[in-house]
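The residues making up each chain are set out below.
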Amino acid sequence: MHLKDIVSFISVSNNVSYDDNIEVTSIETDSRKVKKGSLFVAISGFTVDGHDFIDDAINNGAVAVMVEKEVQAEVATIKVSDTKRALAMTSAMFYGNPTSKVPMIGITGTNGKTTITYLLERIFNRYHKKTGIFGTIQMKIGEESFPIQNTTPDALFLQRKIAEMIQQDVDQVIMEVSSHALDMGRVFGCDYDIAVFTNLSQDHLDYHDSMEDYLRAKSLLFAQLGNGYQENNKKAAVINVDDPSSTLLMKSTAQHVITYGCHTTADVMAENIQLAANGTKFTLKTILGTTEIHSKLIGKFNVYNMLASVAVAIASDIPLVDIKESLESIEGVKGRFESVIPDHKYSVIVDYAHTPDSLENVLQTIQEIAERNIYVVVGCGGDRDKTKRPLMAQIAHKYADYPIFTSDNPRTEDPEAILKDMTDGLPSDSKQYEVIADRRQAIRYAIQRAEEKDVILIAGKGHETYQQIGHKKYDFDDREVALEVMREREN
Ligand SMILES: CC(=O)N[C@H]1[C@@H](OP(=O)(O)OP(=O)(O)OC[C@H]2O[C@@H](n3ccc(=O)[nH]c3=O)[C@H](O)[C@@H]2O)O[C@H](CO)[C@@H](O)[C@@H]1O[C@H](C)C(=O)N[C@@H](C)C(=O)N[C@H](CCC(=O)O)C(=O)O
Ligand SMILES: Nc1ncnc2c1ncn2[C@@H]1O[C@H](COP(=O)(O)OP(=O)(O)OP(=O)(O)O)[C@@H](O)[C@H]1O
Ligand SMILES: N[C@H](CCC[C@H](N)C(=O)O)C(=O)O
Ligand SMILES: [Mg+2]
């Protein structure tokens, strides 16, 4: 594509003259990935400033640079007021505006995004639609998985990969949209067809100033859900009306709203919910009719995840009978309420609860189904929201008979200091708790003590296969560690 065509799409704030014939063969934001013919877009990051790598980019073959600061460069230099915004615009244009060519579902909210993504994958796949997925666990194109760094990738990667998905005949893109992504404009220019809201509770207050700011970021997904009405391009916002934030989100979109919930009257509702240790039953009431669902997923929070998926599937014209079959066939999602050895004499459950609300939901569920004592092994991530630490510890202390506080991903923080933040606010009643900073030892401690019918919850890292200490990631998988100790105990 010619540089002039790329530039014609954005507001440029300097008066540049450049050769009309400059051909841009790729867009890059990382100087190390620049090749001959690239346009290098300099991003001022949280760690380093892309403007400092312009010379490297030129040495690697950049034919043009896009900047937001005054720089002297030997190649065509396009100055804009905000390179992140310009990156979203130019990437969308460079890849032929792919998000308007494939149906797009964006899911936002504090908890449940990943789970809903995989429920929807099952529903669409069973309905013979090939899916493309972006989320916390991975990126997927059909059956093929690829690792990704962020839950919601930056605009360049996103537009490029959606274009690839279209080339590989993907019929439906399903993606988690984090509040960071919305706030940083990673999804600017994404033409979503269905936007989903799960719930809002405390997380990420290291990044957002307040819960209001966190909600504002979430609301952008709904505000950005196309503003025009076209008969053949209908949009829908799928919203959990049991959550108090739903009021603002409904006002944020001009599009059709489909509501779901268990307590407030909604388009998609669950009634007669029966929770058990081996699954959940409920009556599903929808605009298409009423049916019974027998799911293997555990916990009331998963009823909400199923309702959100049903609402999306209905908006995507999938018949209720297919939706029911898909939901009933799903065994579970990796690292979400995953039983390490099903039907063992004591249960060890690995779960990704890393917020106060998710931890409370999971522990309430366990309390309802546990026949004897509850152990919880939990920590809090370093370089993340510090205010959630005492709350998570209090919740663990409230619900578990044996709380064991340990490290999650300490990142660049001192693990003992994180543990102190967690335990400082604990009530000084008689209940004992353990602090074992080494996660492997903490897991071992719980499993070695468990007796028949006890439940051990290992929370916070779910599907993660590493533990980040400092800047280094070490191999670590809660499920493998637990399995190892369980086997050790048998011998
Ligand atoms: C705080 C944050 O969001 N940081 C994101 C940001 O990194 P950064 O600002 O530190 O980037 P940087 O290292 O300073 O680099 C700035 C620029 O210089 C360039 N560079 C750098 C070095 C070099 O030699 N040459 C060069 O050109 C880089 O390519 C980049 O364009 O841009 C990166 C590339 O897009 C992201 O991967 C990174 O996410 C980090 C890994 C992260 O942990 N983000 C979290 C907070 C996050 O976004 N989480 C949400 C999910 C949250 C949830 O709901 O649970 C997510 O969507 O993942
Ligand atoms: N609808 C829900 N409401 C509250 N808690 C939930 C819900 N669904 C899942 N959880 C809990 O939250 C944890 C994370 O779930 P999931 O990975 O689906 O959420 P997510 O929104 O993708 O999280 P992240 O922001 O980390 O990507 C689960 O392991 C479970 O403990
Ligand atoms: N996407 C979330 C995941 C947190 C998972 C938890 N294990 C931690 O490391 O804090 C984050 O980066 O805040
Ligand atoms: Mg997720």
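Residues numbered from 1 in each chain as written. Chains lettered and ligands numbered in written order. Predicted model: local features only at pLDDT ≥ 70, side-chain atom pairs only at ≥ 80, totals over all residues. Heavy atoms only, no water.

Caption draft 1: Structural detail: the environment of Gln448. Summarising the element assignment, Gln448 is placed in helix H14 (residues 439-449). Between the alpha carbons of Gln448 and Arg489 there is a distance of 6.8 Å; along the sequence they are 41 residues apart. Leave out the neighbours within four places in its chain, and Gln448 touches Val485, Glu488 and Arg489. (Helix = DSSP H or I, 4+ residues; strand = E, 2+ residues; numbered from the N terminus. Contact = heavy atoms within 4.5 Å.)

Caption draft 2: Local environment of the site of ligand 2. In the region of ligand 2, 20 residues are neighbours, and Lys113, Thr114, Thr115, Asp351 and His354 sit closest. One nitrogen or oxygen atom from the side chain of Thr136 is found 2.8 Å from an oxygen atom belonging to ligand 2. The backbone of Tyr352 places a nitrogen or oxygen atom 3.1 Å from an oxygen atom of ligand 2. Coverage of ligand 2 by the protein amounts to 95% of the 630 Å² it exposes when considered alone. Residue assignment for the shell around ligand 2 shows that the elements contributing at least two residues are helix H4 (113-126), helix H9 (300-315) and helix H11 (356-369). When residues of the shell around ligand 2 are assigned to their parent elements, the largest contribution, four residues, is made by H11. For the shell around ligand 2, a count of residues per class yields four nonpolar, 11 polar and five charged. Composition of the shell around ligand 2 by domain shows at least three residues from each of domain 2 (98-329) and domain 3 (338-490). (Near = heavy atom within 4 Å. Polar contact = N/O pair within 3.5 Å; in protein donor to acceptor, adjacent residues only side chain to side chain. Areas by Shrake-Rupley, 256 points an atom, 1.4 Å probe, with all protein chains shown as cover. Nonpolar A, V, L, I, M, F, W, Y, C, P; charged D, E, K, R; others polar. Domains from an automatic or database assignment.)

Caption draft 3: Broad picture of the nonpolar core. Ile105, Leu120, Leu307 and Ile323 are the most contacted members of the largest nonpolar core, which has 40 residues in total. In terms of residue count, the dominant contributor to this core is H9 (10 residues). Every residue in contact with Leu120, bar those within four places of it in the chain, is listed here: Ile105, Ile107, Ile174, Ser309 and Val312. (Core = buried A, V, L, I, M, F, W, Y, C linked by side-chain atoms within 4.5 Å. Buried < 20%, exposed > 50% of the residue type's maximum accessible area, 1.4 Å probe, protein only.)

Caption draft 4: Structural detail: unusual backbone geometry. In this structure, Asn272 takes a positive phi of about 50° despite not being glycine. Looking at the element boundaries, Asn272 is found in strand S13 (residues 268-276). With a relative accessible area of 53%, Asn272 lands in the exposed category. Unusually for a residue other than glycine, Asp383 sits at a positive phi of about 55°. As for its placement among the helices and strands, Asp383 is situated in the loop between strand S18 (374-378) and helix H12 (388-399).

Caption draft 5: Quick look at the coordination of the magnesium ion (ligand 4). For the magnesium ion (ligand 4), the full set of protein donor atoms is Thr114 (OG1), Thr136 (OG1) and Glu176 (OE), at a range of 2.1 Å. All donors of the magnesium ion (ligand 4) belong to a single chain; written as a sequence motif, their spacing is T-x21-T-x39-E. Of this pair, Thr114 sits in helix H4 while Glu176 sits in strand S9 (residues 172-176), placing them 62 residues apart in sequence. The class for Thr114 is buried, based on a relative accessible area of 6%. For Glu176, a relative accessible area of 2% puts it in the buried group. (Donors = N, O, S within 2.8 Å, 3.2 Å for Na, K, Ca; no water.)

Caption draft 6: The arrangement of the site of ligand 3 in detail. The local shell around ligand 3 consists of His204, Tyr352, His354, Gly381, Arg384, Asp408, Asn409, Arg411, Gly460, Lys461 and Glu464. Within the side chain of Asn409, a nitrogen or oxygen atom sits 2.8 Å from an oxygen atom of ligand 3. Interatomic distance of 3.3 Å between a side-chain N/O atom of Glu464 and a nitrogen atom of ligand 3. Looking at the shell around ligand 3 residue by residue, the classes come out as one nonpolar, five polar and five charged.

Caption draft 7: Representation of H11 within the structure. Along its 14 residues, H11 runs 20 Å from first to last C-alpha, staying within 8% of the 20 Å computed at 1.5 Å per residue. All of the buried residues in H11 are Pro356, Ser358, Leu359, Val362, Leu363, Thr365, Ile366 and Ile369. Those residues of H11 that are buried lie in contact with S13, H9, strand S17 (347-351), S18, H12 and strand S21 (455-459). (Expected span 1.5 Å × (residues − 1).)

Caption draft 8: Fine view of the pairing of S13. Sheet topology places strand S12 (residues 256-261) next to S13; two bridges connect them, and they run parallel. Each residue of the ladder has a partner; that of Tyr260, found in S13, is Val268. Bridge count between S13 and strand S14 (residues 279-286): six bridges; the pairing is antiparallel. Of the residues in S14, the one forming a bridge with Gln274 is Lys281. In textbook terms, the turn of a hairpin is the stretch between consecutive antiparallel strands, and for S13 and S14 this stretch comprises two residues. (Pairing = 2+ DSSP bridges.)

Caption draft 9: Structural context of the UniProt feature "binding site: meso-2,6-diaminopimelate" (unreviewed entry) in the protein chain. According to UniProt, the feature "binding site: meso-2,6-diaminopimelate" (unreviewed entry) maps to Arg384, Asp408, Asn409, Pro410, Arg411, Gly460 and Glu464 in the numbering used here. Turning to its location among the elements, Arg384 is positioned in the loop between S18 and H12. Judged by its relative accessible area of 37%, Arg384 is partly exposed. Within the secondary structure layout, Gly460 lies in the loop between S21 and strand S22 (466-469). When its relative accessible area of 4% is taken as the criterion, Gly460 is described as buried. Discounting residues that sit within four places of it in the chain, Gly460 has contacts with Asp351, Tyr352, Ala353, His354 and Asp408. (UniProt positions renumbered as here; feature names shortened; annotations may be inferred.)

Caption draft 10: Expanded view of the pattern of salt bridges. Tallying each qualifying case throughout the model produces 32 salt bridges. The closest approach of N and O atoms between Glu484 and Arg440, which form a salt bridge, is 3.3 Å. Here the residue Glu484 occupies a position in helix H15 (residues 478-490), and Arg440 occupies one in helix H14, the gap between them amounting to 44 residues. We classify Glu484 as partly exposed; its relative accessible area is 40%. Assessed through its relative accessible area of 29%, Arg440 is described here as partly exposed. (Salt bridge = Lys/Arg side-chain N within 4 Å of Asp/Glu carboxyl O.)

Caption draft 11: How the structure looks around the packing of H12 against helix H13 (residues 415-423). With their axes 6 Å apart at the nearest point, H12 and H13 run at an angle of 65° to one another. Of the two elements, H12 crosses H13, and the hand of that crossing is right-handed. Note on element contacts: H13 touches H12 through Ile418, Asp421, Met422 and Thr423, opposite Arg389, Pro390 and Ala393. (Axes fitted to C-alpha atoms, helices over the stretch in contact; angles between N-to-C directions. Left-handed = near helix turned anticlockwise from the far one by under 90°.)

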